[in-house]
Amino acid sequence: MIFADKLIHLRKKAGWSQEELAERMDVTRQSVSKWEGAQSVPDLEKIIRLSELFHVSTDYLLKDYIEESNCQQNHEQVSLKRITIEEAQAFLSSKAITSKSIAVATFLCILSPICLLLLGAMSEDTNFHLSENAAGGIGMIILLVLIAIAVAIFIASGRKSAAYEYLEKEIFEVNPDVKEMVSERKMQYSKTYTRNTIIGTTLCIIALIPLFGGSVLNEEHTLFLTSMLALSFVLAGIGVIFLIISGIIWSSFQKLLQEGEYTKKKKQNQSKTNAIATAYWLIVTAIFLLYTLTTNHWGNSWIIWVIAGVIFPIVAMIANLTESKNK
C-alpha cells in the first residue's frame, strides 16, 4: 500500500474530512487532496506530524511494505477529549449567566467617571456651593467604588468560567448529538444575536448625538455640556450591554462547534495572539492614565479607547499575517 492509500485509510478511519485533516496539519485542503491523489508527498516535518496524529510510525507512512497492524504495536492510542451533552449544556448555561454579569460590570466602568465630570462642572457653577477639591474628592471616591464593584464582578465571572477554559485553548472532539444540539440552539439564537448587535451598534453611534448636540445648543454652559456628555456615556453603556451579552452567548456556540475565532487552527496560534492583545491593552491603559492624570482632561480622554479599539483589529491582522509568513 502506497503513502496516498495509507493516508486515505487513516483519515477515514479517524472519521475526518480532508478539511478537518488540513486544519490539524495547518495546511490547505488542496495540499491534503494532492497527498491523497499521489500528486505530491509531504515534507519530513509533515510526515512526523501525521505519524503523531494517527499514532503510527513514520516507517509505516513511508515504506510501502509495512502494514498498519505491525506499526501500531508499540504506539499507545491517544484520543482527544470528547465533549458530552451534559458538559455542553452546563457550559452554555454558565455563559448565559456570566454574560449578564460581565455586561453589568462593563456598564459600571463606563458610568464610573460621570459623577466626577458632573461634580467638576457643578463646582464651576456659582449656583452650587461646591468647592473644586470637594467635587474632585467625592467624584474620585464614587469612581473608585464603581470600578471596585466592576472588578469584583469580573473576577467572580472569571472564576465561574475557569472550568471551561479548555474549550478556548484545547482541541477536542464533539459527539454528533452535542453538535446537533449546539447547532440547533445557535440557529435559534441567530435572530436575537443579529437584533442585539444592531441595537447595540446603533446606540453606540447615537451616543455621540447628545455630545455634539449639546455643543450646538449651548456652547458656554459647562454643566449642560457635561450633562450631555454623561448622557452619551449612558447610551454607549446600554449599547455595550447588548453587544456583550449577545457576543458572549454567540461565542459560546462557536467555542463548542470550534468555529469562527475558535477553529482548531486558530487555537494553535492563540497563545501569541493573547500575548499581543495583553501587551497592547496594557500600553493603551498606560497612555490613558498618563494623559488623564497629567492633564486632568477626563472629558476628552475617552477618545483614547475609541482610537485604540479601531486600531486593535489592524494590529491583530498584522500579527496573524506575520505568524503565517513565519510558518
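We now turn to the structure provided with this report.

**Points about the overall build of the protein**
Within the protein, the regular secondary structure consists of 17 helices and 2 strands. The burial tally for the protein puts 37% of its 327 residues in the buried class. Accessible surface, the protein as shown: approximately 18,900 Å² in total, 63% of it carbon and sulfur.

**Thoughts on the nonpolar core**
Core analysis: the biggest nonpolar cluster contains 29 residues, and Ile83, Ala88, Leu167, Val182, Phe253 and Leu256 have the highest contact counts within it. At the level of elements, helix H7 (85-111), helix H8 (114-124), helix H10 (166-169), helix H11 (176-206) and helix H13 (222-257) are the ones that each hand at least two residues to this core. Here this core gets 12 residues from one element, more than from any other, and that element is H13. If near-sequence neighbours (up to four positions away) are discounted, Phe253 is found in contact with Leu92, Val182, Arg185, Lys186 and Tyr189. Ranked by size, the runner-up nonpolar core spans 17 residues in total, among them Leu21, Ala22, Val27 and Phe54.

**Description of the pattern of salt bridges**
With the rule as written, the count across this model stands at 4 salt bridges. A salt bridge links Glu36 to Arg11, with the shortest nitrogen-to-oxygen separation between them at 2.5 Å. A residue pair is termed long-range when its members are at least 10 positions apart, and Glu36 in helix H3 (residues 29-36) and Arg11 in helix H1 (residues 3-14) qualify at 25 residues. Each of the two residues, Glu36 as well as Arg11, counts as buried. Here Glu52 ties to Arg49 by a salt bridge, and the two come within 3.8 Å at their closest N and O atoms. Of this pair, Glu52 and Arg49 both sit in helix H4 (residues 44-54), 3 residues apart, which is roughly one turn of the helix. Residue classification places Arg49 among the partly exposed residues on the basis of a relative accessible area of 30%.

**Description of the environment of Ile149**
When you line up the elements, Ile149 lands in helix H9 (residues 132-161). By relative accessible area, which is 39% here, Ile149 ends up partly exposed. Taking the C-alpha atoms as reference points, Ile149 and Cys109, 40 residues apart in sequence, are found 9.1 Å from one another.

**Observations regarding the packing of aromatic side chains**
A full pass over the atoms with the stated rule returns 5 aromatic pairs. In textbook terms, an aromatic cluster arises when at least three aromatic residues are bridged by ring pairs, as seen for Tyr189, Tyr193, Trp250 and Phe253. Of note, Lys6 hangs over the ring of Tyr60, and the distance from its end group to the ring centre comes to 4.4 Å. Directly above the ring of Trp16 sits Arg24, whose terminal nitrogen or CZ lies 4.0 Å from the centroid.

**With respect to H9**
With 30 residues, H9 ought to run about 44 Å at 1.5 Å a step, and its terminal C-alpha atoms sit 43 Å apart, in line with that. Considered for burial, the residues of H9 that qualify are Ala135, Gly139, Leu143, Ala150, Ser157 and Ser161.

**Some thoughts on the packing of H7 against H13**
It is at 8 Å that the axes of H7 and H13 come closest, and there the two elements cross at 160°. Classified by the angle between their axes, H7 and H13 sit roughly antiparallel to one another. Seen along the crossing, H7 lies across H13 with a hand that is right-handed. Here the residues of the contact of H7 with H13 are counted per class, giving 20 nonpolar, 4 polar and 3 charged.

**Here we look at the side chain of Thr98**
On the secondary structure map, Thr98 appears in helix H7. In terms of polar contacts, Thr98 uses its side chain to reach the backbone carbonyl oxygen of Lys95, at 3.4 Å. Excluding its chain neighbours within four sequence positions, the residues that come into contact with Thr98 are Ser157, Lys160 and Ser161.

**Section: unusual backbone geometry**
Residue Ala38 is not a glycine yet carries a positive backbone phi of 60°. Locating Ala38 in the fold gives a position in the loop between H3 and H4. A positive phi angle, close to 55°, is found at Gln258, a residue other than glycine. Mapped onto the secondary structure, Gln258 falls in the loop between H13 and helix H14 (264-268). Using a relative accessible area of 10% as the deciding quantity, one classes Gln258 as buried.

**Points about the packing of H1 against H4**
Put simply, H1 and H4 touch, their axes get as near as 11 Å, and they point 35° apart. Relative to H4, H1 is oriented so that their crossing is left-handed. Across the interface between the two elements, Phe3, Leu7, Leu10, Arg11 and Ala14 from H1 touch Ile47, Leu50 and Phe54 from H4. Its residues assigned to classes, the contact of H1 with H4 comprises 7 nonpolar, no polar and 1 charged.

**Thoughts on a nonpolar patch on the surface**
A grouping of Ile141, Val145 and Ile149 is seen on the molecular surface, where their side chains present a nonpolar patch of about 260 Å² in accessible area. Residue Ile141 is classed as exposed on the basis of its relative accessible area, which comes to 55%.

Each value, and the rule that gives it
- Residues numbered from 1 in each chain as written.
- Predicted model: local features only at pLDDT ≥ 70, side-chain atom pairs only at ≥ 80, totals over all residues.
- Heavy atoms only, no water.
- Helix = DSSP H or I, 4+ residues; strand = E, 2+ residues; numbered from the N terminus.
- Buried < 20%, exposed > 50% of the residue type's maximum accessible area, 1.4 Å probe, protein only.
- Areas by Shrake-Rupley, 256 points an atom, 1.4 Å probe, with all protein chains shown as cover.
- Core = buried A, V, L, I, M, F, W, Y, C linked by side-chain atoms within 4.5 Å.
- Contact = heavy atoms within 4.5 Å.
- Salt bridge = Lys/Arg side-chain N within 4 Å of Asp/Glu carboxyl O.
- Phe/Tyr/Trp six-rings, centres within 6.5 Å; stacked < 30°, edge-to-face > 60°.
- Lys NZ or Arg CZ within 6 Å of the ring centre and 35° of its normal.
- Expected span 1.5 Å × (residues − 1).
- Axes fitted to C-alpha atoms, helices over the stretch in contact; angles between N-to-C directions.
- Parallel < 35°, antiparallel > 145°, perpendicular 65-115°, else oblique.
- Left-handed = near helix turned anticlockwise from the far one by under 90°.
- Nonpolar A, V, L, I, M, F, W, Y, C, P; charged D, E, K, R; others polar.
- Polar contact = N/O pair within 3.5 Å; in protein donor to acceptor, adjacent residues only side chain to side chain.
- Patch = residues over 30% accessible without salt bridge, like charges linked within 9 Å, V, L, I, M, F, W, Y side chains within 5 Å.

These figures come from the coordinates and say nothing about function on their own.
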